[in-house]
Amino acid sequence: MTYVLVLLGSLFGICALLGARLLLRNREVRRFVRSIRQRFDSAEERGAQLVEETKIVKTKKSPRTSAIELQQVRSLVRLAEKALAQNRIEEAERLFIQALTIQPLAFDVQAQIAKLYLTTERESKAEAMYKELLQHRDDVSFHSNLGLAYYRQSKYVDACHAYQEALNRDPQTPDRSAALGRACIAAQRFEEAAPLLEKASVRLSRDTSLLHLLAECYLQLGHTDKAEETYRRINKLEPYDEAVKAKLSELAKV
């Protein structure tokens with residue numbers, strides 16, 4: 001009986017403690033709310049006003065303004081193309097950039113600058129430009145040129161990925177297979193390179209540089225019979241190539 005009374009007393013004490021803490025917390029909350037109201041009322045008495053949030057609406061250009069800008073961009077592009085034809089590279093770049101300051105989303109102009117960087121051996125800039133372009137346009141030439149920018153920087157694995165994207169979008173063009181095959185060889189992916197180069201060589205049957213790559217690829221894979229067959233194809237096209245004759249003699253002894 002004594003144990004029960006002690007237990008009930010403890011339970012009552014805990015409940016009383018919790019009730020007191022809850023009451024105290026409610027008082028604190030009411031005190032906080034009251035202080036906020038007092039501050040708000042005081043601010044109103046001093047003439048303060050609530051400022052509503054306003055949405056900033058971007059003003060649209062008028063059709064006349066857009067037409068003028070388009071004409072300016074076209075004029076600058078024509079001047080840039082003329083400068084390129086006369087090999088005035090810096091001037092052409094400046095004019096292209098000036099056109100982009102007028103219309104930053106002129107993707108055709110961006111593509112021309114990217115190509116300019118690629119043809120003037122500024123591959124890192126070309127890489128950045130083509131990456132940006134591909135976020136807006138899924139163009140096969142952008143993938144291919146990005147692959148070339150990677151390849152020239154010895155980023156062979158990245159080049160393989162970019163060339164693969166180009167081939168996926170244009171599987172009928174043999175140059176796509178050839179480019180991917182070359183990148184795969186550079187990345188030492190000989191198993192992947194061989195069928196790509198073989199496929200390309202069917203359409204580009206007189207491209208001896210491609211056939212040389214294919215023959216070397218077969219040698220790397222240990223396919224001496226296929227390598228010998230490929231060198232014979234080269235020998236038919238270039239019967240006076242002594243290096244090819246030497247390769248055939250060497251392979252005949254294997």
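Look up a bit, the structure's there.
Here the structure is a predicted model, which is why all the values come from computation and not from measurement.

1. Looking at the environment of A80
Part 1: With respect to the element layout, A80 can be found in helix α2 (residues 63-85).
Part 2: Considered as a pair, A80 and E93 are 13 residues apart in the sequence and their alpha carbons are 7.2 Å apart.
Part 3: Beyond its immediate sequence surroundings of up to four residues, A80 is in contact with A92, L95 and F96.

2. Section: the packing of aromatic side chains
Part 1: All told, the structure shown has two aromatic pairs when counted by the stated rule.
Part 2: Between the aromatic rings of Y130 and F142, the centroid separation amounts to 5.9 Å while the plane-to-plane angle is 45°, which identifies the pairing as tilted. Of the two residues, Y130 sits in helix α5 (residues 123-134) while F142 sits in helix α6 (residues 140-152), which places them twelve residues apart along the sequence. For the pair Y130 and F142, one class covers both residues: buried.
Part 3: Each ring, one from Y151 and one from Y156, has its centre 5.3 Å from the other, and the planes form 65°; the classification is edge-to-face.

3. A closer look at the state of the cysteines
Part 1: Under the counting rule described, the total for this entry stands at zero disulfides.
Part 2: Here C184 is not cross-linked by a disulfide; its sulfur's nearest cysteine counterpart is in C160, at 3.9 Å.
Part 3: Assessed through its relative accessible area of 2%, C184 is described here as buried.

4. Here we look at the pattern of salt bridges
Part 1: Within this structure, the stated rule accounts for 14 salt bridges.
Part 2: Between E165 and R169 there is a salt bridge, with its nearest N and O atoms 2.7 Å apart. Here E165 pairs with R169, and both are found in helix α7 (residues 156-169), just four residues apart, close to one helical turn.
Part 3: Here E165 falls in the partly exposed class, since its relative accessible area comes to 31%.
Part 4: Because the salt bridges share partners, they merge into one network encompassing E127, K131 and K155.

5. Regarding unusual backbone geometry
Part 1: Positive phi values are uncommon outside glycine, yet S154 reaches one of about 65°.
Part 2: Along the polypeptide, S154 turns up in the loop between α6 and α7.
Part 3: What makes S154 partly exposed here is its relative accessible area of 46%.
Part 4: You will see that Q188, though not glycine, has its phi angle at about 60°, which is positive.
Part 5: Within the secondary structure, Q188 sits in the loop between α8 (174-186) and α9 (190-203).

6. Some points on α5
Part 1: Between its first and last C-alpha, α5 extends 16 Å over twelve residues, near the 16 Å set by a 1.5 Å rise per residue.
Part 2: Taken together, the buried positions of α5 are E123, A126, E127, M129, Y130 and L133.
Part 3: Buried residues along α5 sit in contact with α4 (107-119) and α6.

Calculation notes
- Residues numbered from 1 in each chain as written.
- Predicted model: local features only at pLDDT ≥ 70, side-chain atom pairs only at ≥ 80, totals over all residues.
- Heavy atoms only, no water.
- Helix = DSSP H or I, 4+ residues; strand = E, 2+ residues; numbered from the N terminus.
- Contact = heavy atoms within 4.5 Å.
- Phe/Tyr/Trp six-rings, centres within 6.5 Å; stacked < 30°, edge-to-face > 60°.
- Buried < 20%, exposed > 50% of the residue type's maximum accessible area, 1.4 Å probe, protein only.
- Disulfide = S-S within 2.5 Å.
- Salt bridge = Lys/Arg side-chain N within 4 Å of Asp/Glu carboxyl O.
- Expected span 1.5 Å × (residues − 1).

So yeah, pure geometry; function would need other evidence.
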